[in-house]
Amino acid sequence: MSITTQQLYEQTLVLRSQIGDEAAFRELLELYGPHLLSFTRKMIESPQTVDDLTQEIWVAIYRGLPSLLEAGKFRPWAFRIARDRIYREYRRRKIIVQPLNEDELEALPRNEETSVMMEAGELQQSLGLITPDQREVLVLRFFEEMSYEEIARVTGCTLGTVRSRIHYAKRALKNAVERKIT
């Protein structure tokens, strides 16, 4: 696998940040800040909580950066920290993260080819109707454009589990959109 100039630059920023270069860390914040903020917004519905949580995520990244062993794995590592903080917030608020059971899966529509055009706001609302673990994999895959391998690192799941979650999350999102329309 060949490394791009951008990836090499980002790895250099990580290494410089690890040795205390604050300017390099600010650049990492500029590069990944919008992505982590967007991910957090899609996972947490309370705007007040999002800002506090995002700040907490960056503090955790800053503190944990010296222990990151592979500079090339910064992105999934940072998203893993964000995910952990988000799920900690779910536990604090007693939000239950539950995948669909077998009966609910069977009740989902079977026509995978149905496509629905919607605006970004409608998509965000529909994402709010599916479980956080389903929302998470869709956001990471389609908004953050992560590979299945990166998603597996972020979520701590196997590659097969990631594929399965994405499949069922697409079905659940489609079902949520169709329920909203009718």
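Each remark here, short or long, concerns the structure printed above.
Quick summary incoming for the structure in this document. Not measured: the values here are computed from a predicted model. (Residues numbered from 1 in each chain as written. Predicted model: local features only at pLDDT ≥ 70, side-chain atom pairs only at ≥ 80, totals over all residues. Heavy atoms only, no water.)

Attention shifts here to the pattern of salt bridges. A complete count under the given rule lists 9 salt bridges for this structure. Where R83 meets E136, a salt bridge forms, and the shortest distance between an N and an O atom there is 2.5 Å. Of this pair, R83 sits in helix α4 (residues 74–93) while E136 sits in helix α7 (residues 132–143), placing them 53 residues apart in sequence. Of the residues examined, E136 reaches a relative accessible area of 0% and is grouped as buried. (Salt bridge = Lys/Arg side-chain N within 4 Å of Asp/Glu carboxyl O. Helix = DSSP H or I, 4+ residues; strand = E, 2+ residues; numbered from the N terminus. Buried < 20%, exposed > 50% of the residue type's maximum accessible area, 1.4 Å probe, protein only.)

Take unusual backbone geometry next. If a residue is not glycine, its phi is most likely negative; likewise, a peptide bond is most likely trans. Of note, E145 is a non-glycine position whose phi angle comes to about 55°, a positive value. Along the chain, E145 falls in the loop between α7 and α8 (148–155). Its relative accessible area of 65% is what places E145 among the exposed residues.

For the rest of this paragraph, the subject is the environment of G20. One can find G20 in the loop between α1 (5–18) and α2 (22–43). Overall, the relative accessible area of 52% leaves G20 in the exposed class. Distance in space between the C-alpha atoms of G20 and Y62 is 9.7 Å, their sequence separation being 42 residues.

Below, the discussion takes up the packing of aromatic side chains. Per the counting criterion, the structure on display carries 6 aromatic pairs. Where F74 meets W77, the ring centres are 5.8 Å apart and the plane angle is 45°; that geometry is what we call tilted. Of the two residues, F74 and W77 are both situated in helix α4; the distance of 3 residues between them amounts to about one turn of the helix. Comparing F74 with W77 shows no difference in burial state: the two are buried. Directly above the ring of F143 sits K42, whose terminal nitrogen or CZ lies 4.5 Å from the centroid. Over the ring of Y87 we find R83, and its NZ or CZ is 4.5 Å from the ring centre. (Phe/Tyr/Trp six-rings, centres within 6.5 Å; stacked < 30°, edge-to-face > 60°. Lys NZ or Arg CZ within 6 Å of the ring centre and 35° of its normal.)

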